[in-house]
Amino acid sequence: SAVISQKPSRDICQRGTSLTIQCQVDSQVTMMFWYRQQPGQSLTLIATANQGSEATYESGFVIDKFPISRPNLTFSTLTVSNMSPEDSSIYLCSVEVGSRHTQYFGPGTRLTVL
Amino acid sequence: EDQVTQSPEALRLQEGESSSLNCSYTVSGLRGLFWYRQDPGKGPEFLFTLYSAGEEKEKERLKATLTKKESFLHITAPKPEDSATYLCAVQGPAAGNKLTFGGGTRVLVKP
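Conventions we followed
- Residues numbered from 1 in each chain as written.
- Chains lettered and ligands numbered in written order.
- Predicted model: local features only at pLDDT ≥ 70, side-chain atom pairs only at ≥ 80, totals over all residues.
- Heavy atoms only, no water.
- Helix = DSSP H or I, 4+ residues; strand = E, 2+ residues; numbered from the N terminus.
- Buried < 20%, exposed > 50% of the residue type's maximum accessible area, 1.4 Å probe, protein only.
- Disulfide = S-S within 2.5 Å.

Enquirer: Would you mind going over the environment of Gly52 of chain A with me for this structure?
Expert: Residues and elements named next belong to chain A. Note on placement: Gly52 falls in the loop between β5 (43-50) and β6 (56-57). Judged by relative accessible area, Gly52 falls into the exposed class, the value being 70%. Residues Gly52 and Leu73 lie 21 residues apart in sequence; the distance between their C-alpha atoms is 9.1 Å.

Below, the structure is given as structure tokens:
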């Protein structure tokens, strides 16, 4: 398994601003993922972030809105840019561990945009 | 495109009343089917991975089974601490290592 931490745990932001969410893992991992969980909904993958390459975004998500950095094998950031109330969600990072492709999740960042 | 449907959306149980949650899926070449538990305000907690039809996994009061079209999560003699949302996700080769999640089943176990 893996121990994953996220910062901040929650935040309240004004529309038009940006927020950067950090994800730290206690071991080196190749694949990291960023998900969004809108209120009362299940998880939707935003992008896959592999160290040493550009992030791969899912349909409906673009780099200008959700830029991602992956500077090393234990850390990643997701920025939510030019926020609107529709961006209010829980943002989760996950990492894939082991040969059986199991993903473990961080505690999430609860974002409210006013 | 991979699809996952979970039923029921919500389940209210009395303590000790066993039940099953369903996860129906469509995927072109299943690499793995994953069950997670999510408590309010927390990230999903990994429970099981199933890889092939006929496989079963158990953990305390939970047992997961897999067929070619669906998976069941059986909760035997549940306790109030089993109250949570249970999420099912599939991973298929066409989507790389992406997980596609179902909508989840909210389980409430009353004492």
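Enquirer: For this particular structure, what's the right way to read the state of the cysteines?
Expert: Chemically, a disulfide is nothing more than a covalent bond linking the sulfur atoms of two cysteines. As enumerated under the stated definition, the model contains two disulfides over all chains in all. Cys23 of chain A shares a disulfide with Cys93 of chain A; S-S distance 2.0 Å. Judged by the torsion about the S-S bond (70°), the Cys23 of chain A/Cys93 of chain A disulfide is right-handed. Taken as a pair, Cys23 of chain A in strand β3 (residues 19-25) and Cys93 of chain A in strand β9 (residues 89-97) lie far apart in primary sequence, 70 residues in all. Here Cys23 of chain A matches Cys93 of chain A in class, with each residue buried. Residue Cys23 of chain B pairs covalently with Cys88 of chain B via a disulfide, S to S 1.9 Å. The sign of the -60° torsion about the S-S bond sets the Cys23 of chain B-Cys88 of chain B disulfide as left-handed. With a gap of 65 residues between them, Cys23 of chain B in strand β3 (residues 19-26) and Cys88 of chain B in strand β9 (residues 84-91) connect regions that are remote in the sequence. Using a relative accessible area of 0% as the deciding quantity, one classes Cys88 of chain B as buried. Note on Cys13 of chain A: no disulfide assigned, nearest cysteine sulfur contributed by Cys93 of chain A at a separation of 18 Å.

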